[in-house]
Amino acid sequence: MGFLATTGKYVLFLKRVFSRFEKRTVYLPKIIEEINILGISSIGFVAFVSVFVGAVVTLQVAYNMENPLLPTYLIGLASRDSIILEFSPTMISLILAGKIGSHIASSIGTMRVTEQIDALEVMGINSASYLVFPKICAAVFINPFLIILSIALGIVGGWLAGNLTGICPTEEFLIGLQYEFAPFTMFYAIIKTIIFAFIITTVCAFFGYHTKGGALEVGQASTKGVVYTSILIIIFNYLITNLLLS
Amino acid sequence: MIRVENINKSFGDKHVLNNLSAHFSAGKINLIIGKSGSGKTMAIKCMLGLHPIDSGSIIFNDRDFINISDRQRKEIRKEIGMVFQGSALFDSMNIQENVMFPLKMTKSMSVSDMKKRVDFCLNRVDLKNVHTLFPSELSGGMQKRVAIARAIVLNPKYLFCDEPNSGLDPVTSKVIDDLLKEITYEYGITTVINTHDMNSVIEIGDSIVFIQDGKKEWEGDKKSITTANNKYLNEFIAPSKSLRRFSG
Ligand SMILES: Nc1ncnc2c1ncn2[C@@H]1O[C@H](COP(=O)(O)OP(=O)(O)O)[C@@H](O)[C@H]1O
Ligand SMILES: [Mg+2]
């Protein structure tokens, strides 16, 4: 299907997701359930990746600053900025696209090919909004917390690496962390995260929802969802950065 | 009662339903029979509005089902129960939650009333002590029964079943057929069942529509089917030993 046709279908899909809601009491438990499935269950993984990549970022910054004229605290400052601006919001979102995106696409795809979505429709339920809206709310709500956690742990990882290798002692690292800190960068990171969370949930749900066929096609829908989500995250990363930071 | 008039449905240049008209009466088992791929599932899904039709009309007790708003369609759908071919139980919910789901979504009943209604329906399909199990923990026949329980939980006026016996052994098939028959007569439901199982046809076919390539080739009942004079229908029933025994 052509790019324009797919985009049009995606927009119509979003329109269905945000219309004809069911009883309000139905949604809250579902949102909480999704926060668990999509968010809470990702904490360990996000923490693990963040500590190690934070450490690597710091080591690489240090490697690039071997000039003795540069003050050591710059290592803390540069690590902080790359973690807040790029590593946590973008890279963790890409990783989450793989983890929660494929889960969303395959679980909705399975519901489609086993006629569970038809069953919802026959009951008079707007299946698109019933299935997808809680996932969007959950991810848009919980992903910023995951990213803040990732930033904190990334910085901890960087501090540990700098300290253990003796490249950047604690005091210097702390000075760097606080040096000319612009709170706006956190705002930028959270805005990016929220937009990426929306992309991950809606694009992967879209491909799952329109699966045709059987188990093989569910797998393909999931792959497609993750690939398109990743491409869109990369493009929107550029657009948002252009808009907010230049 | 459901009336279907001249419905057409195609995908690209593939004509799946061809000017199909039929009449399904209340309190009866109405069968749609035909070979695999003849359009039985599509006919039912179009009648439920799961696929938009290209032309024609579908009428539920004098209420048009085509040119209406989403809200009106929702109201009619509340009167419809459907048993899908693969049962289509929600994997993420246990059996009690599955059967309770339509109540939870459409009624404002207390939890204890809902539980009573669920117990009643599960009892009605002869299932006990399965409330906390998940669909994957049940056999195909039990899943089918849960699907029937879920389909009747809202006291539907119309019940649709897509190949209720597919994948079941002959004994379990008969149990399901009998159950559908009892429920239909007991509550005066307009029941529409797709099947290619000749045993079912003989057991439960109060009125029968035979379709081939999306076209109605014959209609009648289980008595007249043996003396029917339609080439395709005769081809379709020829391999059925049970029917030969029945007729001769
Ligand atoms: N979504 C679809 N797109 C294109 N063709 C379809 C679709 N669904 C069903 N068909 C075609 O419609 C015909 C009737 O299918 P179906 O109603 O499932 O048959 P039956 O239930 O009688 O076995 C088949 O030839 C099938 O390939
Ligand atoms: Mg079929």
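On a predicted model such as this, the values are computed, not experimentally measured, just so you know. Here the residue numbers are simple positions, counted from 1 along each chain's written sequence. The lettering of chains begins at A and the numbering of ligands begins at 1, in the order of writing. Local features in this predicted model are restricted to residues of pLDDT 70 or higher, and side-chain atom pairs are both shown and tallied only at a pLDDT of 80 or more, whereas totals for entire chains, interfaces and linings draw on every residue. Hydrogens and water are ignored here; the side-chain numbers use all heavy atoms of the structure.

1. Quick word on the domain arrangement of chain B
Residue and element names in this part refer to chain B. The domain architecture assigned to chain B consists of domain 1 (2–79 + 156–247) and domain 2 (90–155). Domain segmentation is taken from an automatic or database assignment of domains. Here the C-alpha centre of domain 2 lies 25 Å away from the C-alpha centre of domain 1. Counting residues at the interface gives 16 residues for domain 1, matched by 13 residues for domain 2. Taken over both partners, the interface formed by domain 1 and domain 2 buries close to 1200 Å², and the fraction arising from carbon and sulfur atoms is 68%. Its largest share of buried area at the contact with domain 2, domain 1 owes to Lys78, Pro156 and Leu179, together 38% of the area lost on that side. Note on definitions: salt bridges are taken to be side-chain nitrogens of Lys or Arg within 4 Å of carboxyl oxygens of Asp or Glu. Joining domain 1 to domain 2, the criterion identifies two salt bridges. Across the salt bridge formed by Arg124 and Glu186, the nearest N and O atoms sit 2.7 Å from each other. Polar contacts here mean pairs of N or O atoms no more than 3.5 Å apart (in protein, one a potential hydrogen donor and the other a potential acceptor; neighbouring residues in sequence count only if both atoms are side-chain atoms). Counting across the interface, domain 1 meets domain 2 through three residue pairs in polar contact (both at pLDDT 80 or more). Secondary structure elements follow DSSP: runs of H or I of four or more residues count as helices, runs of E of two or more count as strands, with numbering from the N terminus. Broken down by element, the side of domain 1 that touches domain 2 gets its largest block of residues, eight residues, from helix α6 (residues 170–187). Here the residues of the side of domain 1 that touches domain 2 are counted per class, giving nine nonpolar, two polar and five charged. For this analysis, residues touch if any pair of their heavy atoms sits within 4.5 Å. The term buried area refers to how much accessible surface (probe radius 1.4 Å) is lost by two components on association, counted for both of them together. Residues are grouped as follows: nonpolar covers Ala, Val, Leu, Ile, Met, Phe, Trp, Tyr, Cys and Pro; charged covers Asp, Glu, Lys and Arg; every other residue, Gly included, is treated as polar.

2. Some words on the site of ligand 1
Residues and elements named next belong to chain B. Neighbouring residues are identified by heavy atoms, a residue being near a molecule or strand if any of them is within 4 Å of it. Taken together, Phe11, Lys14, Val16, Lys35, Ser36, Gly37, Ser38, Gly39, Lys40, Thr41 and Met42 make up the full set of residues adjacent to ligand 1. Between ligand 1 and Lys14 there is a distance of 3.0 Å, counted from an oxygen atom to a side-chain nitrogen or oxygen. Between Thr41 and ligand 1, the recorded distance is 2.6 Å, taken from a side-chain N or O atom to an oxygen atom. Surface accessibility follows the Shrake-Rupley procedure with a 1.4 Å probe radius. Residue values consider only the protein chains on display as shielding. Coverage of ligand 1 by the protein amounts to 67% of the 570 Å² it exposes when considered alone.

3. Concerning the interface of chain B and chain A
Each side of the interface is counted separately: chain B has 23 residues, and chain A has 17 residues. When the two sides are added together, the surface that chain B and chain A hide from each other amounts to roughly 1800 Å², 59% of it contributed by carbon and sulfur. Taken together, the connections running from chain B to chain A amount to five salt bridges. Applying the counting rule to chain B against chain A returns eight residue pairs in polar contact (both at pLDDT 80 or more). Among the secondary structure elements, those contributing two or more residues to the side of chain B that touches chain A are α2 (70–77), β6 (80–83) and α3 (95–106) of chain B. Considering each element in turn, the side of chain B that touches chain A owes the most residues, five residues, to α3(B). Taken together, the residues that form the side of chain B that touches chain A break down as 12 nonpolar, three polar and eight charged.

4. Focus on the sheet that holds strand β2 (residues 14–24) of chain B
All names here are of chain B. Strand pairing is assigned whenever DSSP detects at least two bridges linking the two strands. Ordered in space as β2-β1-β4-β5, the four strands form an open sheet in which the pairing is antiparallel. Looking at strand neighbours, the two that pair on one side only are β2 and β5 (63–64), the edges of this open sheet. When strand β1 (residues 2–11) meets strand β4 (residues 55–60), the two strands line up antiparallel, connected through five bridges. Bridge pairing in β4 places Val4 opposite Ile58. All axes here are fitted lines through C-alpha atoms, helices being fitted over the stretch that makes contact, and every angle between N-to-C directions spans 0 to 180 degrees. Taken strand by strand, helix α1 (residues 40–47) contacts β1, β2 and β4, and its axis lies near 65° from that of β2.

5. Digging into the nonpolar core
One recurring pattern in soluble globular proteins is that nonpolar side chains are buried together. By nonpolar core we mean a set of buried residues, namely Ala, Val, Leu, Ile, Met, Phe, Trp, Tyr and Cys, connected to one another through side-chain atoms within 4.5 Å. Summary of the burial criterion: residues with accessible area below 20% of their type's maximum are buried, those above 50% are exposed, and those between are partly exposed, where the area comes from a 1.4 Å probe applied to protein chains only. A:Tyr130, B:Ile2, B:Phe24, B:Phe60, B:Phe101 and B:Phe160 are the most contacted members of the largest nonpolar core, which has 96 residues in total. Among the domains, domain 1 (2–79 + 156–247) and domain 2 (90–155) of chain B are the pair contributing at least three residues each to this core. When neighbours within four sequence positions are excluded, B:Phe101 is seen to be in contact with A:Leu120, A:Met123, A:Ile125, A:Tyr130, B:Phe90 and B:Met93. Core analysis: the next-biggest nonpolar cluster, separate from the first, contains 45 residues, B:Leu89, B:Met114, B:Leu180 and B:Ile237 among them.

6. A short note on the layout of surface pockets
Only protein atoms enter the calculation, which uses a 1 Å grid: trapped sets of points that fit a 1.4 Å probe without letting it out are cavities, open sets showing protein on both sides within 12 Å along at least five of seven lines are pockets, and any residue with an atom within 4 Å of a point is a lining residue. Grid points are joined across faces, edges and corners, and a volume is the space filled by probe spheres set on the points. Considering only enclosed or pocket space, the largest pocket measures out at about 1400 Å³ in volume. Looking at the largest pocket, it is lined by 39 residues, and the ones nearest its centre are A:Arg112, A:Asp118, B:Leu50, B:His51 and B:Pro52. For the lining of the largest pocket, the secondary-structure elements that each account for two or more residues are α1 (3–17), α4 (73–113) and α5 (116–122) of chain A together with β1, α1 and α2 of chain B. Here the element with the most residues in the lining of the largest pocket is α1(A); it accounts for five residues. Its residues assigned to classes, the lining of the largest pocket shows 13 nonpolar, 10 polar and 16 charged.

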